[in-house]
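Next come the chains, spelled out residue by residue.
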Amino acid sequence: MSNTIAGLLGGVVGALISALAMFLGPLAHQRQIARQERARADREATQVQLQRVARARTAIRAWHDFLRRALTDLEAGRALDAERFLAQADAMRDEARAASDDLLGGGLWIGSNQFGAFVQVTEVLRDHHAGRADADGRALLVEDDLGGRAALGWKDDLHDSRARLNEELLAYVEQLRDIPVEVIDTGTPVRPRRP
């Protein structure tokens, strides 16, 4: 009888092990699939945020280049059509702010005061367009109305504001990717990797 009981116990234990394997195997597989899905979702979220950073950098660069060209024209003694300048500057400001607001979805926000010289230059030029008009009566922006040689100093301020914004965005990209950003020109990291 002991052989019969041993056989019966062996069968029961074997059935329990099989049932446990049938339960735990799919459970482990489901957990693995869930981990893979979370990793995929994290990669996609990172990619979306990197695209948002690229959009913000592009908008900031376009606004910077536009203002810099305007200042170069003023510095060279060329008047600007005030209405056209202000409409374009406002559109570029709005795009830069919208792009920076989109970054909030991934945990980064560029406050309005971070745009520094971008806003200051635009607002000063907005305030000084009423004094002159061309033959058609269009308002003009002229360097002399700004106190002369003001454009030169503002270009440096614009450059500094853009450099600060770029540093912040590149640091954020490093945080997202957990690797340093390489500069194509030199092949060296922009800054040492953080511990």
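Predicted, not measured: the structure shown is a model, and the values here were computed from it.

(A) Examining the pattern of salt bridges more closely. Under the definition given, this model contains eight salt bridges. With a closest N to O distance of 3.9 Å, D65 and R162 form a salt bridge. You can see D65 sitting in helix α1 (residues 2-75) and its partner R162 sitting in helix α4 (residues 150-177), a full 97 residues away along the chain. Note on R162: relative accessible area 17%, which makes it buried. Across the pair D90 and R93 runs a salt bridge whose closest N-O atoms are separated by 3.2 Å. Taken as a pair, D90 and R93 lie in helix α2 (residues 82-102) at a separation of three residues, close to a single helical turn. The exposure class of R93 is buried, given its relative accessible area of 17%. Counted as one network, the salt bridges with shared partners bring together R55, E95 and D102.

(B) Inspection of the nonpolar core at higher detail. Ranked by size, the top nonpolar core spans 32 residues in total, and within it I60, L67, F85, F115 and F118 carry the most contacts. When residues of this core are assigned to their parent elements, the largest contribution, eleven residues, is made by α1.

(C) How the structure looks around the packing of aromatic side chains. On inspection of all chains with the given rule, the structure shows three aromatic pairs. Taken together, a centroid distance of 5.0 Å and an interplanar angle of 40° make the contact between W63 and F118 tilted. With W63 in helix α1 and F118 in helix α3 (residues 117-127), this pair connects stretches of sequence that are 55 residues apart. As far as the burial class goes, W63 and F118 line up, both buried. Aromatic side chains F66 and F85 sit 5.3 Å apart centroid to centroid with 15° between the ring planes, which places their arrangement in the stacked category. Residue F66 is located in helix α1, and its partner F85 is located in helix α2; the two are separated by 19 residues in the primary sequence. Here the two residues F66 and F85 agree in accessibility, since each one is buried. Ring pairing ties together the aromatic residues W63, F115 and F118, which thus form one cluster.

Rules behind the numbers
- Residues numbered from 1 in each chain as written.
- Predicted model: local features only at pLDDT ≥ 70, side-chain atom pairs only at ≥ 80, totals over all residues.
- Heavy atoms only, no water.
- Salt bridge = Lys/Arg side-chain N within 4 Å of Asp/Glu carboxyl O.
- Helix = DSSP H or I, 4+ residues; strand = E, 2+ residues; numbered from the N terminus.
- Buried < 20%, exposed > 50% of the residue type's maximum accessible area, 1.4 Å probe, protein only.
- Core = buried A, V, L, I, M, F, W, Y, C linked by side-chain atoms within 4.5 Å.
- Phe/Tyr/Trp six-rings, centres within 6.5 Å; stacked < 30°, edge-to-face > 60°.

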